[in-house]
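A closer look at the structure
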Amino acid sequence: MKKAKLFFILTLLISVSVSAETGYDLWLRYNLVPNKRKLEEYRKVLSSIIVNGSSSTIVAAQAELLNGLSGLLGKKITISGSNTTVGDLIIGTNGIQPEIKSLLKADLAQLGSEGFLIKTIVRSGKNCIVITANEDAGVLYGSFHLLRLIQTGQPINNLNIVSAPKLKLRLLNHWDNLNRTVERGYAGFSIWNWHKLPTYMDKRYVDYARATASIGINGTVLTNVNANATVLTNPYLEKVAALANLFRTYGIKVYLTARFSAPVELGGLKTADPLDPEVQRWWKEKVDEIYKHVPDFGGFLVKANSEGQPGPQNYKRTHADGANMLADAVAPHGGIVMWRAFVYSDEVPEDRHKQAYNEFVPLDGKFRKNVLVQVKNGAIDFMPREPFHPLFGAMPQTQTMMEFQVTQEYLGQATTLVFLAPLFKEVLDSDTWRNGKGSTVGKIINGASQQQQLTGMAGVANIGNDFNWCGHPFAQANWYALGRLSWDASISSEQIADEWIRMTFSEEPKFLEPVKKIMLESREMYTQYTMPMGLHHLITYGSHYGPAPWVDKGQRPDWTNVYYHKADSIGLGFNRTSTGSNALGQYATEVQQQWGDPNTCDEKYLLWFHHVPWTFKLKSGRTLWDELCYDYYTGANRVKSLQEKWNLLKPFVDKERFEEVKMLLQIQYDEAIWWRNSCVLYFQTFSKMPIPAGYEKPDKTLEYYKSLKFPYAP
Ligand code: BDP
C-alpha cells in the first residue's frame, strides 16, 4: 500500500516536472499543434525527410526537424538518405538530387551564402517540400523557418519562399566577464562557464546556438567591451576554441573584445602605441595564434578611449590608427574589426551628445576595408527613447553598423515587461535625410543608401544562466526581435510579437490578441512613467536601477542627472539647439527643421532638444508641468490595467509562467509608482506648481525617495 502511494507521488512529481514550463525552451517548444484541423493538414504533408549531406550543420538541421516535427505533429518522422526518391521533405545543398538542383537554379542565384529557399515541387507525381541553399547554414536557417511556419499555424501546402539576410553581420554582444559576472546583466551569471571549459561543454551551449541560429544570428562576441586581456592568453583561447567549434555547426562565428593595452599587459611591451612596429608585430603574432585555435575567428570588437578604457589616444593617435592596426592584423585571415563609436571624455566640456560625432566625422574615409564603426542607436546611451545617432549617414566613406541594447539597462531591467521591437524599428525607420528623403538609418546600415561592403547589426545580449535565460519571460522576445530584425528590418513589430507569442506561449486568439497589444504598447508605457517627452538619464547612480533625477554629484558631470534634465525655476529640458549646445546642428538640415522649434518639434523629443518653460502649452492644451504630471500618472495607471489584463489571461497560460509574470507585474507596478512619485515630487521643487486636481498625492516624501539605496542591485 505504502509502496503504491510512493509510486503514485513519484509519477505525479515526474509528470508535473515534465509539463512544467520553465521558459528554458524559449520559442523552440515544439508542442503538439493545438488546432486539430491544421494538425491534420500538416500530418498529411509531412512524414519523411530525405537528407542530402552529412556535414555537422546538415546533421543539426536534420536533428532540429526531427525533434521539431515529431513534437509539433505528434507522430514519428522517418529519415532517409539521398538514395530514396520517396519523401515529403528534401533538405541539402550540394548533395541534393541533380534534377532538383537544376530546377531551382534561378532561385539559388539570389540567395547568397546564407539565404534559403523553401519550395513545394512535384516529384514522382507527389508534392514534396525542398529546403535548399548555397551553403549548409542556409539549409539550417530554412529548416528553422519551416518549423516556424508550423509553429505559427501557417499553411505549408504550396510553398515558395526565397529569403536572404539583408545584413552580413548579425551579432550578439555579450558583456560577460571571465568571472561570470555580466555587465548590465539581469538574468543571473554568464552562460560561459570559463572555469570548466574547454573540457566540460554545458548543454546550454547547444541550446544557445540553436536559439540564436533559429533567428538568423551569425556571430557572437563572447566578452565584455570593458575588456580583460586574459581572454587572449593560450588557456583561454583553448576555451574560446571549444565554443567556436560547437557554434560553427550553427553558422555562428566567434568574436572577442580586444583590450587595447594587451601588448603591455600580456606582452610586456612598454607601449601599446598602434604606430609602433613592436606593437604591430605583437598583435599580428597574437592574431596568428588566435587563428591557430579558431580558424574562422570573426575578429575584434573594441571599446577604446571611452569610460576609462585604454586606446590609441593614450599615445596621441586617432581611433582610425587604432582600428587599422588591428584590422591589418586580422585581414590576412579574413577577420574584421568593429570599432565602437561610444566615446566621450570627461575632460571635454562638450555636450556628451556631440562627442562621438566630433571625434569620428573627421576620420571618415580613414578606416580600412575590414573595419566597421559600431554606433549605438542614440547619441547618449540606450535611453527609453533617443533620437537616432547623428553619426548615421554622416560618414559616407565609412562602414557603420548598429548597436542596440537588448538587455534592459535603462528599460526596467528584468523586472519590467518591455518589448523592444518598436524601439528598434523607430530608430531603423528614422530618416537621416543624408542622401535625400528616405535615407533611413536602416538603409544607411544595410548599404542601400550608402555604399558599404560590410553591413551589420549587434545587440547587447540579455542572456544569463537563469532558468529562462533572460530573467523576465517576456525579455526573451527582445532576443528574438533582434535576430528577426537583423535578418530583415522590414518585418513589423506586430509580426514579430505575433510569431513570438504563438511559439512561446499559445496561438489561442483570446491570449494572442491581448498579449500582442500589451507588448506593442509596453515600451511607450514604460517611457511615459519614467522619462517622458525626451527626458533621459534620470536613473540611480551606478546600478541605473530606478529613478534618481536629483543626482548632482558624480565622478564626472555627465554621470549626474541634473546635467541632462536641467530643471530650474524657468523650466525643464536640455537646449541642444543653436542657442544651446547645438547638438542638433549635427543632423541634416531637414532634421534640424523638424526638431529645431519647440512649437513644432515632435513632443516625444521635446525635452531632449529644448529647455521649455513650465507654463509652455503642449498640443494637448496642457502646460508642460501639467503634461508631465499627466504622463507620470497615466503611465503608472497603465501598469495597473496591464496587471488586470494579465489576470484575465490565466486560463490560457501554464501556471508557472502565469504566476511568474503576475509577480513581476506587481514589481513593475510598485516601481512605476516609485518613478511617478519621485519624479513629480522632485520636479515640483522647481516648478513650484501643484499636482493637478484629481491625482492622488504621493504618500511618501521626496526625502524618503532620496534615501532609498540599492547596494546589491544587479
Ligand atoms: C553603458 C553601460 C556601461 C557600458 C557602456 C558601454 O552603463 O556598463 O560599459 O554603456 O556601452 O550603457 O561601453
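In this text the structure is predicted, and so the values were computed from the model without any measurement.

Criteria and cut-off values
Residues numbered from 1 in each chain as written. Predicted model: local features only at pLDDT ≥ 70, side-chain atom pairs only at ≥ 80, totals over all residues. Heavy atoms only, no water. Domains from an automatic or database assignment. Near = heavy atom within 4 Å. Polar contact = N/O pair within 3.5 Å; in protein donor to acceptor, adjacent residues only side chain to side chain. Nonpolar A, V, L, I, M, F, W, Y, C, P; charged D, E, K, R; others polar. Pairing = 2+ DSSP bridges. Helix = DSSP H or I, 4+ residues; strand = E, 2+ residues; numbered from the N terminus. Axes fitted to C-alpha atoms, helices over the stretch in contact; angles between N-to-C directions. Contact = heavy atoms within 4.5 Å. Buried < 20%, exposed > 50% of the residue type's maximum accessible area, 1.4 Å probe, protein only. Parallel < 35°, antiparallel > 145°, perpendicular 65-115°, else oblique. Left-handed = near helix turned anticlockwise from the far one by under 90°. Salt bridge = Lys/Arg side-chain N within 4 Å of Asp/Glu carboxyl O. Core = buried A, V, L, I, M, F, W, Y, C linked by side-chain atoms within 4.5 Å. pLDDT = per-residue confidence, 0-100. Phe/Tyr/Trp six-rings, centres within 6.5 Å; stacked < 30°, edge-to-face > 60°.

Quick word on the domain arrangement of the protein chain
Per the domain assignment, the segments making up the protein chain are domain 1 (2-163), domain 2 (169-504) and domain 3 (528-574 + 611-707). Centre-to-centre, using C-alpha coordinates, domain 1 lies 47 Å away from domain 3.

A few points about the site of the ligand
Inspection of the region around the ligand gives 14 residues, with Glu183, Lys303, Arg340, Asp381 and Glu409 positioned closest. Within the contact set of the ligand, an oxygen atom lies 2.6 Å away from a side-chain nitrogen or oxygen of aspartate 381. Here an oxygen atom of the ligand sits 2.5 Å away from a polar atom, N or O, in the side chain of glutamate 409. Here the shell around the ligand is composed, by residue class, of 4 nonpolar, 2 polar and 8 charged.

Brief notes about the sheet that holds strand S1 (residues 48-51)
Judged by pairing direction, the sheet is mixed, and its 6 strands sit side by side in the order S2-S1-S3-S5-S4-S6 without closing on themselves. The open sheet has two edge strands, strand S2 (78-80) and strand S6 (160-163), and neither has a second partner. The average undirected angle you get between the axes of adjacent strands in this sheet is 25 degrees. Against the sheet, helix H6 (residues 136-151) contacts strand S3 (89-92), strand S4 (116-123), strand S5 (126-132) and S6, and its axis sits at roughly 70 degrees relative to S4.

What about the side chain of lysine 516?
Tracing the sequence through the fold places lysine 516 in helix H17 (residues 509-530). Here lysine 516 falls in the buried class, since its relative accessible area comes to 6%. Apart from the residues within four sequence positions on either side, lysine 516 is in contact with Glu494, Ala497, Asp498 and Ile501.

Looking at the packing of helix H10 (residues 277-293) against helix H11 (residues 319-330)
Running from amino to carboxyl end, H10 crosses H11 at an angle of 45 degrees, the nearest separation of the two axes being 8 Å. With respect to each other, H10 and H11 are oriented oblique. Here H10 runs over H11; the crossing is right-handed. Contacts from Val279, Gln280, Trp283, Lys284, Val287 and Tyr291 of H10 reach H11 at Met325, Leu326, Asp328, Ala329 and Val330.

Focus on unusual backbone geometry
Cis peptide bonds are those with omega within 30 degrees of zero, and the linkage from leucine 197 to proline 198 qualifies with 0 degrees. Of note, proline 198 is situated in the loop between strand S7 (169-173) and helix H7 (203-214). Residues other than glycine seldom take positive phi values, yet arginine 180 does so here, at roughly 80 degrees. Here arginine 180 shows up in the loop between S7 and H7. For asparagine 582, which is not a glycine, the phi torsion comes out positive at approximately 55 degrees. Note that asparagine 582 resides in the loop between strand S15 (571-572) and helix H19 (589-595). By relative accessible area, which is 31% here, asparagine 582 ends up partly exposed.

What about the sheet that holds S7?
Pairing in this closed barrel of 8 strands is parallel, and the strands run S7-S8-S9-S10-S11-S12-S13-S14 around the ring. Each strand of the sheet is rotated relative to its neighbour by a mean of 25 degrees, with strand direction disregarded. In this fold helix H8 (residues 234-248) packs onto strand S8 (219-221) and strand S9 (253-257), with an angle of close to 150 degrees to the strand it touches most, S9. Its contacts with the sheet put H11 on strand S10 (299-302), strand S11 (336-340) and strand S12 (371-376), and the angle it makes with S11 is roughly 160 degrees.

Structural notes on the pattern of salt bridges
Counted according to the given criterion, the structure contains 44 salt bridges. Put simply, aspartate 207 and lysine 203 hold a salt bridge, and the shortest N to O gap is 2.6 Å. Here the residue aspartate 207 and the residue lysine 203 both occupy positions in helix H7, the gap between them amounting to 4 residues, near one helical turn. Judged by its relative accessible area of 9%, aspartate 207 is buried.

Re the nonpolar core
The nonpolar side chains of a soluble globular protein tend to be buried, and buried together. Phe247, Trp283, Phe300, Trp479 and Phe683 are the most contacted members of the largest nonpolar core, which has 229 residues in total. For this core, the element with the highest residue contribution is helix H22 (residues 655-687), accounting for 13 residues. Ile90, Ile96, Ile100 and Ile121 belong to the second-largest nonpolar core, a separate cluster that totals 11 residues.

Focus on the confidence of the model for the protein chain
Residue-level pLDDT values for the protein chain average 95, and 97% of them are 70 or greater. Within the protein chain, no element has a lower average pLDDT than helix H1 (residues 2-19), which sits at 44, and none a higher one than S8, at 99.

So, the pairing of strand S13 (residues 400-405)
Burial of S13 is extensive: 6 of the 6 residues sit out of reach of the surface. Every second residue of S13 is oriented toward a common face, with Thr400, Met402 and Phe404 on one face and Met401, Glu403 and Gln405 on the other, all of them buried. When S12 meets S13, the two strands line up parallel, connected through 4 bridges. Along S13, the bridge assignment pairs valine 375 with methionine 402. Bridge analysis of S13 against strand S14 (residues 456-460) gives 4 bridges, and the strand direction is parallel. Across the sheet, the residue bridging to phenylalanine 404 is glycine 459, located in S14.

Quick notes on the side chain of threonine 57
With respect to the secondary-structure elements, threonine 57 resides in helix H3 (residues 56-73). A polar contact is formed between the side chain of threonine 57 and the backbone oxygen of threonine 249, at a distance of 2.8 Å. Residues within four places of threonine 57 in sequence aside, it is in contact with Asp136, Ala137, Leu140, Arg248 and Thr249.

Structural notes on the packing of aromatic side chains
The final tally for this structure, using the stated rule, is 46 aromatic pairs. When the centroid spacing of 5.2 Å and the interplanar angle of 85 degrees are considered together, the rings of tyrosine 545 and phenylalanine 710 count as edge-to-face. Of this pair, tyrosine 545 sits in the loop between H17 and helix H18 (562-565) while phenylalanine 710 sits in the segment after helix H23 (702-707); the two residues are 165 residues apart in sequence, bridging distant segments of the chain. A relative accessible area of 31% means that phenylalanine 710 is categorised as partly exposed. Seen in terms of ring centroids, tyrosine 682 and phenylalanine 686 are 5.2 Å apart; in terms of plane orientation they differ by 75 degrees. Their pairing is edge-to-face.

A word on the environment of leucine 269
Within the element layout of this structure, leucine 269 appears in the loop between helix H9 (262-265) and H10. Placed 13 residues apart in sequence, leucine 269 and tryptophan 282 show a C-alpha to C-alpha distance of 8.8 Å.

Section: the packing of H6 against H7
Running from N to C, H6 and H7 point in directions that differ by 80 degrees, and their axes come no closer than 9 Å. Taken together, the axis directions place H6 and H7 in an arrangement best described as roughly perpendicular. On H7, the residues that touch Leu140, Tyr141, Phe144 and Arg148 of H6 are Arg210, Ala213 and Ser214. In the contact of H6 with H7, the residues fall into 4 nonpolar, 1 polar and 2 charged.

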